[in-house]
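Residues per chain, in single letters:
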Amino acid sequence: MPLQIVHHPDYDAGFAVNHRFPMSKYPLLMEALRSRGLAGPDALSTAEPAPVSWLELAHAADYVDQVVNCRVAEKIEREIGFPIGPRVSLRAQLATGGTVLAARLALRHGIACNTAGGSHHARRAQGAGFCTFNDVAVAALVLLAEGAARNILVVDLDVHQGDGTADILADDPRVLTFSMHGDRNYPVRKIASDLDVALPDGTGDAAYIERLTAILPELSTRAHWDIVFYNAGVDVHAEDRLGRLSLSDDGLRARDDMLISHFRTRGVPVCGVIGGGYSTDVPALAARHAILFEVAAGYARWYDLVQKPGARVR
Ligand SMILES: [Zn+2]
């Protein structure tokens, strides 16, 4: 079974090429996955828009209504970073539905990834920082509501702190939120996760991997996790316009490999979302996001060989 990948062409809401949010990374990521042989018909699932009932698990009903009907106040649109018209609204619903589907596929196949998602600045009452709906918080709450999971871990390695996810899930003992991020990055006012690691500017590969190596075993002792949501934001990269942590391509690959390997060898399903990445060189940015899928694909094959019920090798 190839790595299960969730996608939709309308993840790309068609912004102008010079927009601060590099919307064209979504189709370019799909191109990158195709050229790597990762996007065959048996690998791809199509996202469907998240219904209002799911969105309201994580967000205030009036905010959900405003986004779905494209009536978001200008002040909030400014905090999000773009106006919420029909294409952006649909995109937010699709990306959220995509993460729910990827989570269900991860529970079934061990690992799955969405080619969008990781909108971690969206709080309960409103969006912010290029994030409209918090797809990971919605997906976690859908799985819990359905009884598909009881203990959920969110590992957020995007360079920005996961303030929205922390806001939504703060009082929920069934979900542990962990964010490792650049201390001096957005948001200025951080909302405490269950566990936060703030890194100084210029943290390179070695120091970054060292911190991650130290923290992963601790996360595994907190509970028996039914699934981990992994925000694999690539804005930790040295060439990212908004990042400050100076990771290389090899550092990104080592990070993804360490994270996925840690949980998969313990039998914990992993749902990957792409998170942030900001660069004017969008093909290079798409290639950086593709690293998550390359690494995850190795573990999808490994599941078939080792962990799947009835697998030959045990
Ligand atoms: Zn980010």
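See the structure above.
Keep in mind it's a predicted model, so treat the numbers as computed, not measured.

### A closer look at the coordination of the zinc ion
Coordination sphere of the zinc ion, protein contribution only: Asp158 (OD), Asp158 (OD), His160 (ND1) and Asp235 (OD), at 1.9 to 2.7 Å. Site description for the zinc ion: donor spacing in sequence, D-x1-H-x74-D. Using a relative accessible area of 1% as the deciding quantity, one classes aspartate 158 as buried. Histidine 160 gets classed as buried once you look at its relative accessible area, which sits at 5%.

### A word on the packing of helix α5 (residues 86–109) against helix α6 (residues 135–146)
Direction vectors running N to C along α5 and α6 enclose 50 degrees, while the axes themselves pass 8 Å from each other. It follows that α5 is oblique to α6 by the angle criterion. Two packed elements cross with a definite hand, and for α5 against α6 that hand is right-handed. Mapping the contact onto sequence places Ala95, Thr96, Thr99, Val100, Ala103, Arg104 and Leu107 in α5 and Asp135, Val136, Val138, Ala139, Val142, Leu143 and Glu146 in α6. Considered class by class, the residues forming the contact of α5 with α6 number nine nonpolar, two polar and three charged.

Thresholds, definitions, all that
Every chain begins its residue count from 1, and numbering advances along the sequence as written. Predicted model: local features are reported for residues with pLDDT of at least 70 only, side-chain atom pairs are reported and counted for 80 or more only, and whole-chain, interface and lining totals are derived from all residues. Where side-chain values are given, they derive from all heavy atoms of the structure, hydrogens and water being excluded. Listed donor atoms are N, O and S within 2.8 Å of the metal (Na, K and Ca: 3.2 Å). As water is not included, a site may look incomplete. The buried label applies to any residue whose accessible area, calculated with a 1.4 Å probe on protein chains only, is under 20% of its type's maximum; exposed applies above 50%, and partly exposed to all values in between. Axis lines are fitted to C-alpha atoms, over the contacting stretch for helices. Their N-to-C directions set the angle, which ranges from 0 to 180 degrees. Counting from the N terminus, the helices are the DSSP runs of H or I reaching at least four residues and the strands are the DSSP runs of E reaching at least two. Reported orientations rely on four angle classes, namely roughly parallel under 35 degrees, roughly antiparallel over 145, roughly perpendicular from 65 to 115, and oblique for the rest. Left-handed describes a crossing whose near helix is turned anticlockwise from the far helix through less than a right angle; right-handed describes the clockwise counterpart. By definition, residues are in contact when any of their heavy atoms lie within 4.5 Å. In this classification, Asp, Glu, Lys and Arg are treated as charged, Ala, Val, Leu, Ile, Met, Phe, Trp, Tyr, Cys and Pro as nonpolar, and every other residue, Gly included, as polar.

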